[in-house]
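Structural description and commentary
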Amino acid sequence: GAVVSQHPSWVICKSGTSVKIECRSLDFQATTMFWYRQFPKQSLMLMATSNEGSKATYEQGVEKDKFLINHASLTLSTLTVTSAHPEDSSFYICSAALAGGTDTQYFGPGTRLTVL
Amino acid sequence: TQLLEQSPQFLSIQEGENLTVYCNSSSVFSSLQWYRQEPGEGPVLLVTVVTGGEVKKLKRLTFQFGDARKDSSLHITAAQPGDTGLYLCAGGNTGTASKLTFGTGTRLQVTL
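Bear in mind that the values here come from a model prediction, so they are computed numbers and not experimental data.

**Concerning the pattern of salt bridges**
- If you walk through the whole model with that rule in mind, you get five salt bridges over all chains.
- Among the ionic pairs, E22 of chain A bridges to R24 of chain A, the shortest N-O distance being 3.5 Å.
- We classify E22 of chain A as partly exposed; its relative accessible area is 24%.
- On the basis of relative accessible area, R24 of chain A is assigned to the partly exposed category, the value being 34%.
- Where E54 of chain B meets K56 of chain B, a salt bridge forms, and the shortest distance between an N and an O atom there is 3.8 Å.
- Note on K56 of chain B: relative accessible area 32%, which makes it partly exposed.

This is how it looks when you write it as structure tokens:
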């Protein structure tokens, strides 16, 4: 149980285009989903916290107009990287927390974004 | 801002050796989790500890939460190549909607 999927698993796009990444909780409802970014050989950096039906809460230094987050249902959150640039190339990982659960987060397999 | 420092940052050992990874903070956490991440994949939860002084064992892995809930350690006995990966600790606080603060990470390489 507690499986989280991400789509796509990898994407290559041209500079200036927008890319959407989906995060789904497959067998549970997730009131809260989280989006992380991970650069090579580094730890996970939280970008934003996404609550179903409300606006996402962004961490300091993360541009909310560039990284659009939508959490339309208890099983789906999307991250759209708008006007992507090469410096946005990274490994994006989402996680989901069980509704009414503890601190445990279940992580997706990640999406590798490469911006040319 | 809560910070979690892990040490060592990188560890290369031979199969059969023992090792300990440390996770330290000046902040108190309500829970502490350990994850292992392999290249190109998401982190996989190994254990959650919530009580100061708590010790949990998972086969050859032993996890301990500090008495003051500010630090934790992961000890691996008789390491195997399959233990290779990035080990991450993460601290959580009750009332922050499950938000986690991740440690700096320890990259472990176990060779034959």
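**Focus on unusual backbone geometry**
- Here the amide bond leading from H7 of chain A into P8 of chain A is cis, since omega sits at 0°, within 30 degrees of zero.
- Within the fold, P8 of chain A resides in the loop between β1 (4–7) and β2 (10–13).
- In this model, S7 of chain B is joined to P8 of chain B through a cis peptide bond whose omega is -5°.
- With respect to the helices and strands, P8 of chain B occurs in the loop between β1 (5–7) and β2 (10–14).
- The phi torsion at K41 of chain A lies on the positive side, around 60°, for a residue other than glycine.
- Mapped onto the elements of the fold, K41 of chain A is located in the loop between β4 (30–38) and β5 (45–51).
- Taking the relative accessible area as the measure of exposure, K41 of chain A reaches 73% and is therefore exposed.

Quick notes on the rules
Residues numbered from 1 in each chain as written. Chains lettered and ligands numbered in written order. Predicted model: local features only at pLDDT ≥ 70, side-chain atom pairs only at ≥ 80, totals over all residues. Heavy atoms only, no water. Salt bridge = Lys/Arg side-chain N within 4 Å of Asp/Glu carboxyl O. Buried < 20%, exposed > 50% of the residue type's maximum accessible area, 1.4 Å probe, protein only. Helix = DSSP H or I, 4+ residues; strand = E, 2+ residues; numbered from the N terminus.

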